[in-house]
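# Structural overview for review
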Amino acid sequence: MDMELKTGAVRLNFERTEAWIDKNERAAATIGYLVESSQLQLIKNTSSARELWDILHDYHVKQTSAGRVVLLKRMSRLELEENGNVEEHLIAMDAMYDKLAEVGCDMADELKGAFILASLPESYEGLVKVMEGIDGG
């Protein structure tokens, strides 16, 4: 029996051999074993490892996209309180950059700097203006 596999724009035809069927079943069983119980409903009627993988991939990409939005909202709301600890604030912002990078949202240093400047209180306005002048000048 021939099966067609789409890989981007390339289509590969291959025969389902006994070895392939065995490996597919093992891979599907492994994926099913490792998936969180809350996600079993997503894959319960799926038999091929590739199909399992695609369903779980699509599910997690959607989750990751939503996660990016949540993290970016949190990032935009981070503010250093007047007389707050600058070092702790910068550590918290750096941790947020790391979380964003984990979900595929790497920020350019210039954008990171903009978020830091935007998070500073009114008493840092002179520093912010100087830094904006250096970037803009």
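Residues numbered from 1 in each chain as written. Predicted model: local features only at pLDDT ≥ 70, side-chain atom pairs only at ≥ 80, totals over all residues. Heavy atoms only, no water.

### Notes on the overall build of the protein
Broken down by element type, the protein carries six helices and two strands. From first element to last, N terminus to C terminus, the protein shows the α and β order β-β-α-α-α-α-α-α. A burial count over the protein gives 20% of its 137 residues as buried. Contacts in the protein between residues at least 24 apart in sequence constitute 36% of all its contacts with a sequence separation of at least 6. Only carbon and sulfur atoms are counted for the fraction: they give 53% of the accessible area of the protein, which is about 10,300 Å². (Helix = DSSP H or I, 4+ residues; strand = E, 2+ residues; numbered from the N terminus. Buried < 20%, exposed > 50% of the residue type's maximum accessible area, 1.4 Å probe, protein only. Contact = heavy atoms within 4.5 Å. Areas by Shrake-Rupley, 256 points an atom, 1.4 Å probe, with all protein chains shown as cover.)

### Some details on the nonpolar core
Counting ten residues, the largest nonpolar core is built from Leu71, Met75, Met93, Met96, Tyr97, Leu100, Val103, Cys105, Met107 and Phe115. If you list the elements that add at least two residues to this core, you get helix H3 (49-77) and helix H4 (86-102). Residues contacting Tyr97, with those up to four places away along its chain left out, are Met75, Met107, Lys112, Phe115 and Ile116. Listed in part, the seven residues of the second largest apolar core include Ile43, Ala49, Leu52 and Leu56. (Core = buried A, V, L, I, M, F, W, Y, C linked by side-chain atoms within 4.5 Å.)

### Quick word on the packing of H4 against helix H5 (residues 109-118)
Their axes nearest at 11 Å, the elements H4 and H5 cross at an angle of 140°. Considering their axes alone, H4 and H5 lie oblique with respect to each other. Between H4 and H5 lies a crossing of right-handed hand. Residues Leu90, Met93 and Tyr97 of H4 touch H5, and the partners they reach there are Lys112, Phe115 and Ile116. (Axes fitted to C-alpha atoms, helices over the stretch in contact; angles between N-to-C directions. Parallel < 35°, antiparallel > 145°, perpendicular 65-115°, else oblique. Left-handed = near helix turned anticlockwise from the far one by under 90°.)

### Details of the confidence of the model for the protein
Scored by pLDDT, the protein comes out at a mean of 83, with 85% of its residues at no less than 70. In this model, residues 1-9 is a region of pLDDT below 50 whose contacts with residues beyond four sequence positions or in other chains number 18 contacts. (pLDDT = per-residue confidence, 0-100.)

### A short note on the pattern of salt bridges
With the rule as written, the count across this model stands at two salt bridges. Ionic pairing is found between Asp22 and Arg26, a salt bridge with its closest N-O pair at 3.2 Å. In this pair, Asp22 and Arg26 are both assigned in helix H1 (residues 18-34), four residues apart and thus about one turn of the helix distant. Overall, Arg26 belongs to the exposed group, its relative accessible area being 57%. Between Arg50 and Asp54 there is a salt bridge; the shortest N-O distance is 3.2 Å. Of this pair, Arg50 and Asp54 are both found in helix H3, four residues apart, which corresponds to roughly one turn of the helix. (Salt bridge = Lys/Arg side-chain N within 4 Å of Asp/Glu carboxyl O.)

### Regarding the side chain of Ser119
By secondary structure assignment, the location of Ser119 is in the loop between H5 and helix H6 (125-136). Reaching out from Ser119, the side chain makes a polar contact with the backbone oxygen of Ile116 at a distance of 2.7 Å. Setting aside residues up to four positions removed in sequence, Ser119 forms contacts with Leu78, Glu79, Leu80, His89 and Met93. (Polar contact = N/O pair within 3.5 Å; in protein donor to acceptor, adjacent residues only side chain to side chain.)

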